[in-house]
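Structure at a glance
Here are the chains, one letter per residue:
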2 protein chains.
Amino acid sequence: MQIRIGIYGYGNLGKGVESAIRQNEDMTLAAVFTRRDPGSLNIATPGVPVYAAQDAAAHKDEIDVLILCGGSATDLPVQTPKMAEYFNVVDSFDTHANIPDHFAAVDEQAKRNGKIALISVGWDPGMFSLNRMYANAVLPEGSDYTFWGRGVSQGHSDAIRRIEGVEDAKQYTVPVEAALEEVRRGNNPVLTTRQKHTRECFVVAKEGADKARIEREIKEMPNYFADYDTTVHFISAEELKRDHSKINHGGFVIRSGKTGLNKENRAVIEYSLKLDSNPEFTASVIVAYARAAYRLYRQGECGCKTVFDIAPALLSRLSASQLRATML
Amino acid sequence: MQIRIGIYGYGNLGKGVESAIRQNEDMTLAAVFTRRDPGSLNIATPGVPVYAAQDAAAHKDEIDVLILCGGSATDLPVQTPKMAEYFNVVDSFDTHANIPDHFAAVDEQAKRNGKIALISVGWDPGMFSLNRMYANAVLPEGSDYTFWGRGVSQGHSDAIRRIEGVEDAKQYTVPVEAALEEVRRGNNPVLTTRQKHTRECFVVAKEGADKARIEREIKEMPNYFADYDTTVHFISAEELKRDHSKINHGGFVIRSGKTGLNKENRAVIEYSLKLDSNPEFTASVIVAYARAAYRLYRQGECGCKTVFDIAPALLSRLSASQLRATML
């Protein structure tokens, strides 16, 4: 029997979940829920019903795990606890500072209704968190470094688009190679914001706009750009579409620690991702954790959990003995 | 109350465990067991008793987790099941092909005696296995690559030392940078043995030995060197001691997969280690898993488990809420 997955919210992440399910034979897409008019949605998988988000509860018996694909700012804080009343759920809540509150709200609903909820699943939070945690457990004395990129920051791209005279824009966050190398050598440098990342902007200016002013406004924008070395390239709308349409991303989690009686030996653990599609990879992680959610529910467990609570084997289609024979 | 750790076998790995315990405040070294004369052993931690290995069972109430630090060839297949009669145990059994048999033997003893046993803990098997497994679960369609090095291979160093005219030798396994780069680009190359690693040998020849013959014998040695591009450097005993005394190692686990409805996007996951001391890092991993073994035992669980079965949070000194607040 296949695990019946529901997608709640059909944006980039929801579409990524739809494609990830195709790579997992033990799963099937059972339904898509949308806040738009269900009749207006053309999903990629034939024969799968599209329902109105407000009617989700009525379909609770058709779904084993509901994947919440909304945003962390306003959608998930409401949707995840609400849907945990009816469904086992997985979300990718990524506002790090608000995770404890979100956890508490979801945990209460999930426990009350005997459901499993996995929150903050993806790559950061998610796979990066796991690697921070494993590396800290293994090397208790050391320093942590997280670098992001080279990749598209939606927030920074939006900030540029709000500048007068800007037609469209794409911003890349770029880790500074020299800083990465210094960290990899185990030298435990103390790095400023400017030393860790640069920002590279591709901007389409409106006809007749003052490019010098636009560039200055970008580079001086507090929080977003002022603390970074920023470069601005003006390009045509065609070039933007041709060369900058991918939502690529990635990054590096490094822990640099010491071993030995007198801490005389260095040990560096590095985890990195290079992703052509940020939302599709996030979705791929979520789908693996949906399998774990399903299994935990079948074992009679309930409540809210994170990647830290999930034994790795629960993510895999392979049995415990297959895993030992092929992956250990 | 601290977790009382016993070390069974005081070689490089046992010494690594001793130093790793010092970085974990919730643990204490309770005893060392040795097959040598206990009176002849000078361990680094004052006040800790050294007992004869054959008397270990008599001390079972003094130890929460016994860490087995013997070799995989002949020690652990006997010691781990035997000691699981009396202790919760962790070993670093690393003969990949024999893991299923070892698991079965240890599982039977651990279950019969209500103990927890964790086998094949370290970095390969261990952290590398975890990363292979996570990456396969997240990217079901893709290719796996493991590269080892740059690091010392004890087996290859020993093989050189057995050649006539060789006084001493150290062999480094070196990943081929061009192959690594090709894999990182997501091109899923099919790589031969020769294309993945080279072998670099530092040899001290005996006085008057025929160096040309030694070099030829090394390079033509089947299994060990014949399938690799091998370089041989003759150096003095002083140079070997000065420049090649560390037992450094490391490596890379890479999974290169696809995402997207039509698999049009690449995703590359890379995990790597750079270690000045292979046994000390292995010991650091084992010690973190000893914490998990202790907790599982206190929860009333028993039987043999591997890194795949252990929820990450069990490795950390931090509470679940601390982990969510600081690492997620």
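Let us look at the structure shown here. These numbers were taken from a predicted model, which means no experiment stands behind them.

We now examine the sheet that holds strand 4 (residues 65-68) of chain B. All names here are of chain B. One open sheet holds the 7 strands; their spatial order is 3-2-1-4-5-6-14, and the pairing between them is parallel. The strands lining the two open edges of the sheet, one partner per strand, are strand 3 (50-52) and strand 14 (303-305). In this sheet, neighbouring strand axes are inclined to one another by 25 degrees on average, regardless of whether the strands run parallel or antiparallel. Across the face of the sheet, helix 3 (residues 99-112) comes into contact with strand 6 (116-118) and strand 14 while running at roughly 140 degrees to strand 14.

Of all hydrophobic cores here, the largest spans 164 residues; its most connected members are Phe-281 and Tyr-289 of chain A together with Phe-281 and Tyr-289 of chain B. Beyond its immediate chain neighbours, meaning those up to four positions away, Phe-281 of chain A contacts Trp-123, Leu-273 and Leu-275 of chain A together with Val-138, Leu-139, Thr-259, Ala-267 and Ile-269 of chain B.

As a packed pair, helix 10 (residues 278-298) of chain A and helix 4 (residues 127-138) of chain B sit with axes 8 Å apart at the nearest point and diverge in direction by 105 degrees. Compared by their axis directions, helix 10 of chain A and helix 4 of chain B come out roughly perpendicular. Contacts between helix 10 of chain A and helix 4 of chain B involve Phe-281, Ser-284, Val-285, Ala-288 and Tyr-289 of chain A on the former and, on the latter, Tyr-134, Ala-137 and Val-138 of chain B. Taken together, the residues of the contact of helix 10 of chain A with helix 4 of chain B break down into 7 nonpolar, 1 polar and no charged.

The next subject is helix 1 (residues 12-21) of chain B. Taken across its 10 residues, helix 1 of chain B has 8 buried, putting it largely inside the fold. Residues of helix 1 of chain B that are buried make contact with strand 1 (3-8), strand 2 (27-34), strand 4 and helix 10 (278-298) of chain B.

So, about the sheet that holds strand 12 (residues 249-259) of chain A. Two modes of strand pairing occur in sheets, parallel and antiparallel, and in both the strands are linked by backbone hydrogen bonds. Strand order in the open sheet made by the 6 strands is 7(A)-12(A)-13(A)-13(B)-12(B)-7(B), with antiparallel pairing throughout. Here the strands that pair on one side only, and so sit at the sheet edges, are strand 7 (142-148) of chain A together with strand 7 (142-148) of chain B. Strand-to-strand twist of the sheet, defined as the mean angle between neighbouring strand axes without regard to direction, takes the value 10 degrees. Bridge count between strand 12 of chain A and strand 13 (residues 265-275) of chain A: 11 bridges; the pairing is antiparallel.

Once turned by 180 degrees and shifted 0.0 Å along the axis, chain A lies on chain B with an RMSD of 0.0 Å. Viewed as a symmetry operation, the transformation between the two copies matches a two-fold axis. For chain A, the minimum C-alpha distance to the rotation axis belongs to Ala-311 of chain A and amounts to 1.9 Å. The residues that chain A uses at the interface reappear at the interface of chain B in 100% of cases, marking a shared surface.

Moving on, we get to the environment of Ala-205 of chain A. Residue and element names in this part refer to chain A. In this structure, Ala-205 sits in strand 10 (residues 197-205). C-alpha of Ala-205 to C-alpha of Ile-163: the two residues are 42 residues apart in sequence and 9.9 Å apart in space. Excluding residues within four positions of it along the chain, Ala-205 makes contact with Gly-165, Glu-167, Lys-211, Ile-214 and Phe-234.

Moving on to the state of the cysteines. Each disulfide is one covalent bond, formed between the sulfur atoms of two cysteines. By the definition in use, this model includes 0 disulfides over all chains. Cys-302 of chain A takes part in no disulfide bond, and the closest cysteine sulfur, belonging to Cys-304 of chain A, lies 11 Å away.

Turning our attention to the packing of helix 1 of chain B against helix 10 of chain B. Residue and element names in this part refer to chain B. In contact at an axis separation of 8 Å, helix 1 and helix 10 are set at 55 degrees when each is read in the N-to-C sense. Overall, the two elements helix 1 and helix 10 adopt an arrangement that is oblique. As helix 1 packs across helix 10, the resulting crossing turns out to be right-handed. Every residue of helix 10 that contacts helix 1 at Asn-12, Leu-13, Gly-16, Val-17, Ser-19, Ala-20 and Ile-21 is listed here: Pro-279, Glu-280, Thr-282, Ala-283, Ser-284, Ile-286 and Val-287. Per-class residue counts for the contact of helix 1 with helix 10 are 8 nonpolar, 5 polar and 1 charged.

All told, the structure shown has 13 aromatic pairs over all chains when counted by the stated rule. Ring plane angle 70 degrees and centroid distance 6.2 Å describe the contact between Tyr-134 of chain A and Tyr-134 of chain B, whose orientation is recorded as edge-to-face. With Tyr-134 of chain A in helix 4 (residues 127-138) and Tyr-134 of chain B in helix 4, the pair connects residues from two separate chains. No difference in accessibility class separates Tyr-134 of chain A from Tyr-134 of chain B, as the two residues are buried.

Below, the discussion takes up unusual backbone geometry. Residue and element names in this part refer to chain B. For the bond from Asp-124 to Pro-125, the omega torsion is 5 degrees, close enough to zero to count as cis. Mapping Pro-125 onto the fold places it in the loop between strand 6 and helix 4. Cis rather than trans, the peptide bond between Gly-149 and Arg-150 has omega equal to -5 degrees. Positionally, Arg-150 belongs in the loop between strand 7 and strand 8 (151-152).

Position of Glu-264 of chain B relative to the elements: it lies in the loop between strand 12 (249-259) and strand 13 (265-275). Taking the C-alpha atoms as reference points, Glu-264 of chain B and Gly-11 of chain B, 253 residues apart in sequence, are found 51 Å from one another. Residues contacting Glu-264 of chain B, with those up to four places away along its chain left out, are Lys-246 and Glu-280 of chain A together with Thr-259 of chain B. In this structure the side chain of Glu-264 of chain B is engaged in a polar contact, spanning 2.8 Å, whose partner is the backbone nitrogen of Asn-262 of chain B.

The next thing to look at is the pairing of strand 10 of chain A. Residue and element names in this part refer to chain A. Among the 9 residues that make up strand 10, 8 are buried, leaving the element largely enclosed by the rest of the structure. Where strand 9 (residues 166-175) meets strand 10, 9 bridges bridge the pair, whose relative direction is antiparallel. Following the sheet pairing, Val-174 is matched in strand 10 by Thr-198. Pairing geometry for strand 10 and strand 11 (residues 229-234), over 6 bridges, is parallel. In the sheet register, Thr-198 faces strand 11, and the bridge partner there is Asp-229. As a crossover connection, the stretch from strand 10 through helix 8 (residues 211-220) into strand 11 is right-handed.

What follows covers the side chain of Arg-184 of chain A. Examined against the element boundaries, Arg-184 of chain A turns out to sit in helix 6 (residues 177-184). Engagement of the side chain of Arg-184 of chain A in a polar contact is seen with the side chain of Glu-270 of chain A, the distance being 2.8 Å. Dropping the residues within four chain positions of it, Arg-184 of chain A is found in contact with Glu-177, Phe-252, Ile-254, Val-268 and Glu-270 of chain A together with Lys-274 of chain B.

Our next topic: the interface of chain A and chain B. Many authors give the size of an interface as the accessible area that is lost as the parts come together. Contact residues are listed per partner, giving 69 residues for chain A and 69 residues for chain B. Both faces considered, chain A and chain B share a buried interface measuring about 6,000 Å² in area, 61% of it formed by carbon and sulfur atoms. Counting every contact that joins chain A to chain B gives 2 salt bridges. A salt bridge links Asp-276 of chain B to Arg-266 of chain A; the shortest N-O distance between them is 3.6 Å. Scanning the region where chain A abuts chain B turns up 29 residue pairs in polar contact (both at pLDDT 80 or more). Going through the elements one at a time, helix 3 (99-113), helix 4, strand 12, strand 13, helix 10 and helix 11 (320-326) of chain A are the ones with two or more residues in the side of chain A that touches chain B. It is strand 13 of chain A that contributes the most residues to the side of chain A that touches chain B, 11 residues altogether. Classifying every residue of the side of chain A that touches chain B by side-chain character gives 35 nonpolar, 16 polar and 18 charged. The pairing of strand 13 of chain A with strand 13 of chain B spans 9 bridges and is antiparallel. Residue pairing for strand 13 of chain B: Leu-273 of chain A is matched across the bridge by Ile-269 of chain B.

Criteria and thresholds
Residues numbered from 1 in each chain as written. Chains lettered and ligands numbered in written order. Predicted model: local features only at pLDDT ≥ 70, side-chain atom pairs only at ≥ 80, totals over all residues. Heavy atoms only, no water. Pairing = 2+ DSSP bridges. Helix = DSSP H or I, 4+ residues; strand = E, 2+ residues; numbered from the N terminus. Axes fitted to C-alpha atoms, helices over the stretch in contact; angles between N-to-C directions. Contact = heavy atoms within 4.5 Å. Core = buried A, V, L, I, M, F, W, Y, C linked by side-chain atoms within 4.5 Å. Buried < 20%, exposed > 50% of the residue type's maximum accessible area, 1.4 Å probe, protein only. Parallel < 35°, antiparallel > 145°, perpendicular 65-115°, else oblique. Nonpolar A, V, L, I, M, F, W, Y, C, P; charged D, E, K, R; others polar. Least-squares fit on C-alpha atoms with pLDDT ≥ 70 in both. Disulfide = S-S within 2.5 Å. Left-handed = near helix turned anticlockwise from the far one by under 90°. Phe/Tyr/Trp six-rings, centres within 6.5 Å; stacked < 30°, edge-to-face > 60°. Polar contact = N/O pair within 3.5 Å; in protein donor to acceptor, adjacent residues only side chain to side chain. Right-handed = clockwise from strand over helix to strand, strands pointing away. Buried area = accessible area lost by both parts, 1.4 Å probe. Salt bridge = Lys/Arg side-chain N within 4 Å of Asp/Glu carboxyl O.

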